[in-house]
Amino acid sequence: MIKNNHKKYRIISALLAVIAAVQLLAVNYVFADGEEGNLPSLPTVENAHAVYLYNFENDQVLFEQNSTERVYPTSTVKIMTAIVAFEEFKGRLDTRIAVTEEMLDEVAGNQIGFKVGEIVTVEQMLYCMLVNSANDAAIILAHGTAGSTAEFVKMMNEKAGWIGAYNTYYTNPTGMHDNGMITTARDTATIAKYAYSIPGFIEITSTPKYVMEATNMSDYRNIYNRNCLISKFYNVDYYYSKAVGMNAGTTTQGGYALCGIAEDAERSLTYLAVILEAEKIDGVMYNYENAINLFEWAFKSYDYTNVLSSKKMICELPVNLSSTLDYVTLVPSEDITVYLPTTVNVSKDIRYSYNTFEDSLDAPVEAGQEVGTITVLLGDDILGSCPLITTSSITRSEFLYFLDAVRSFSEGRFFRGTVISVVVLSILYVLINAGRREKKFRRSMGRK
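Everything quoted here is computed from the prediction, not taken from an experiment.

Would you mind going over the pattern of salt bridges in detail, with residue names and values included?
All told, the structure shown has seven salt bridges when counted by the stated rule. The residue Arg 186 makes a salt bridge to Glu 64 at a minimum N-O spacing of 2.5 Å. Taken as a pair, Arg 186 in helix H7 (residues 185-196) and Glu 64 in strand E2 (residues 60-65) lie far apart in primary sequence, 122 residues in all. For the salt bridge of Arg 267 with Asp 264, the shortest nitrogen-to-oxygen distance reads 3.5 Å. Residues participating in the shared-partner salt-bridge network are Asp 264, Arg 267 and Asp 303.

Here it is as structure tokens:
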């Protein structure tokens, strides 16, 4: 009987934990117009139109500004170019491509300077494109992957739709301006999140300097990263030690753009910042300026907070049928640590709600026995939930168990029914005997 109860309690506890986990996924602090409750003050964003800030580990958007408005993507297009190439040449990045005149005729803007007839590999072109934002490398990849730029662009748009970037449309693989090529900050973030999951992508985009081996038509080349968060080669003012990848670029019509990632490995915090249509004013490039400010704000404003300790005594539960202890202490089965604003005061802002499966327990009780659940809340948001467990084992008194069994039997329906039946039968017996005696008495009186 006790084993069955334990099984029932575990099932109930598991269901409650699942419900709490689902609700926890819905906790999402998104800033739009101002400070709210326990949330930190908003970061400062200057001279940039569309902005998006996201945390990977907790799948949480921390800040948005005009994130769904359509803008020109500039060089962030190359993220999708890389995605398509990576997936088409998965496990075959050493595939060789011969550079043709047709490829180079399409090239405009920033380029490495490849030559007709030069033999390069897919991996080399990915490095040149993602590290140096080289447009000729992007065109070479497009032709090497799909046979032509037009066919490759079709693949890019199909992939964008598959990923969920529904407000993005590509017309070329480089990001060179075209009035018909648009995206949003939110779409760019969606694409960047996908790229982040591709093995090798972050490794390439976080490379400050890539040395491209000599080809059949060129000596080795030093390729420097144009993302100034990663490399000091083009500008020393925006180097950011926590930056780990993605890309940056600019066009006259699209302004300055950045899709950057920064991480604090010790704290297991990784952020993605998308800055589109930023300006350059008095020498200040606000794509970088805003990205650094957003990253610093996020690292300062959010952290992992222990909101429930497994050593915290929650309550005591009465115990029956024991001659040693008449109660047992309940504690959470585990610690609960949650990603929260650093402005949250655990002692003041966090509250707990708990329930037990029964009002009391019958001995024997096992240490670690699940007997309830506890839920952690911040305002109306559920932060987490876990079982309540007993802290000690309590043995059963066989004498008290016997007395309880007797009591239970005496209070049971069978016992009461038996007693009532005996009483009724006894009364019937007395009445029947009384009736018989009365008849016998009357007969004896009639004879007289």
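I'd like a description of the pairing of strand E19 (residues 381-390), backed by residues and values.
Two faces, one strand: in a regular strand the side chains alternate between the faces of the sheet. Counting buried residues in E19 gives nine out of ten residues, a clear majority hidden from the surface. By the bridge criterion, three bridges tie strand E14 (residues 327-332) to E19 in an arrangement that is antiparallel. By the bridge assignment for E19, Pro 332 is matched with Leu 388. As consecutive antiparallel partners, strand E18 (residues 370-378) and E19 are separated by two residues, and within that stretch Gly 379 has a phi angle of approximately 65°, a positive value.

Could you give me a rundown of the environment of Leu 388, with the residues and numbers involved?
In this structure, Leu 388 sits in strand E19. Sequence separation between Leu 388 and Leu 330 is 58 residues, and the spatial gap between their C-alpha atoms is 6.0 Å. If sequence neighbours within four positions are ignored, Leu 388 has contacts with Ile 314, Leu 330, Val 331, Pro 332, Tyr 354, Asn 355, Gln 369, Glu 370, Val 371, Gly 372, Thr 373 and Ile 374.

Describe a negative patch on the surface, and please don't skip the residues or the numbers.
Together, Glu 101, Glu 102, Asp 105 and Glu 106 make up a negatively charged patch on the protein surface. Relative to the helices and strands, Glu 106 resides in the loop between helix H3 (101-105) and strand E4 (119-121). Note on Glu 106: relative accessible area 36%, which makes it partly exposed.

Kindly report on the side chain of Asn 225, identifying the contributing residues and their values.
Structurally, Asn 225 can be placed in the loop between strand E6 (221-224) and strand E7 (243-251). A distance of 2.9 Å separates a polar side-chain atom of Asn 225 from the backbone nitrogen of Asn 227. In this view, Asn 225 contacts Val 131, Thr 205, Thr 207, Pro 208, Ile 230, Ser 231 and Tyr 234; residues no more than four positions away in its chain are not counted.

Tell me about the sheet that holds strand E13 (residues 315-320), and please be specific about residues and values.
Strand-to-strand pairing in sheets goes through backbone hydrogen bonds, with the strands running parallel or antiparallel. If you trace the six strands from one edge of the open sheet to the other, you get E16-E18-E19-E14-E13-E17, paired in mixed fashion. On the outer flanks of this sheet lie strand E16 (350-356) and strand E17 (361-362), each paired with one strand and no other. Two elements, E18 and E19, share eight bridges in a ladder whose sense is antiparallel. The partner of Val 376 across the bridge, within E19, is Gly 384.

Run through unusual backbone geometry, naming residues and quoting values.
In terms of backbone geometry, most residues other than glycine have negative phi values and most peptide bonds are trans. The omega torsion across Ala 363 and Pro 364 is 10°, close enough to zero to call that bond cis. With respect to the element layout, Pro 364 can be found in the loop between E17 and E18. Positive phi outside glycine occurs at Asn 47, with the angle close to 50°. As for its position among the elements, Asn 47 is in the loop between helix H1 (2-25) and strand E1 (48-55).

If you had to explain the side chain of Asn 132 to someone new, which residues and values would you point to?
Mapped onto the elements of the fold, Asn 132 is located in helix H4 (residues 122-132). Ignoring anything within four residues of it in the chain, the contact list for Asn 132 reads Asn 110, Ile 112, Tyr 127, Ile 223, Tyr 224, Arg 226 and Tyr 234.

Residues and numbers for helix H9 (residues 286-301), please.
For H9, with 16 residues, the first-to-last C-alpha span of 21 Å sits near the 22 Å given by 1.5 Å per residue. Most of H9 sits out of view: twelve of its 16 residues are buried. Of all the residues in H9, the buried ones are Tyr 286, Asn 287, Tyr 288, Asn 290, Ala 291, Ile 292, Leu 294, Phe 295, Trp 297, Ala 298, Phe 299 and Ser 301.

Help me get a handle on the packing of helix H2 (residues 77-88) against H7, residues and values and all.
Running from N to C, H2 and H7 point in directions that differ by 35°, and their axes come no closer than 10 Å. When you trace H2 past H7, the crossing you get is left-handed. Residues Ile 79, Met 80, Ile 83 and Glu 87 of H2 form the contact with H7, whose participating residues are Ile 191, Ala 192, Tyr 194 and Ala 195. Residues belonging to the contact of H2 with H7 are distributed by class as follows: seven nonpolar, no polar and one charged.

Cut-offs and rules
- Chains are numbered independently. Their residues run from 1 in the order of the written sequence.
- It should be noted that, the model being predicted, local features are given only for residues of pLDDT at least 70 and side-chain atom pairs only at 80 or more, the latter also being counted only at that level, while totals for whole chains, interfaces and linings use all residues.
- Side-chain figures throughout are based on the complete set of non-hydrogen atoms in the structure, without hydrogens or water.
- The salt bridge definition used is simple: a Lys or Arg side-chain nitrogen within 4 Å of an Asp or Glu carboxyl oxygen.
- Helix numbers and strand numbers start at the N terminus; a helix is a DSSP run of H or I with at least 4 residues, a strand a run of E with at least 2.
- Each residue gets one of three labels from its accessible area relative to the maximum for its type: buried under 20%, exposed over 50%, partly exposed in between, using a 1.4 Å probe on protein chains only.
- Here, a strand pair is defined by DSSP locating no fewer than two bridges between the strands.
- It only takes one pair of heavy atoms within 4.5 Å for two residues to be counted as in contact.
- Within this analysis, patches are made of residues with over 30% relative accessible area and no salt bridge. Like charges are joined at 9 Å or less; nonpolar side chains (Val, Leu, Ile, Met, Phe, Trp, Tyr) at 5 Å or less.
- Method for areas: the Shrake-Rupley scheme with a 1.4 Å probe, in which residue coverage is limited to the protein chains shown.
- Only four residue types enter the tally: Lys and Arg on the positive side, Asp and Glu on the negative side, with His and both chain ends excluded.
- Working definition for charges: the position is that of NZ of Lys, CZ of Arg, CG of Asp or CD of Glu.
- Here a polar contact means two N or O atoms within 3.5 Å. Within protein one must be a hydrogen donor candidate and the other an acceptor candidate, and residues neighboring in sequence count only if both atoms are side-chain atoms.
- Helices are assigned an expected span. That span is 1.5 Å times one less than the residue count.
- Here, axes are lines fitted to C-alpha atoms. For helices the fit covers the stretch in contact, and angles between N-to-C directions go from 0 to 180 degrees.
- Definitions for this section: a left-handed crossing has its near helix turned counterclockwise from the far helix by less than a right angle. A right-handed crossing has that turn clockwise.
- Under the scheme applied here, ten amino acids are nonpolar (Ala, Val, Leu, Ile, Met, Phe, Trp, Tyr, Cys and Pro), four are charged (Asp, Glu, Lys and Arg), and all others, including Gly, are polar.

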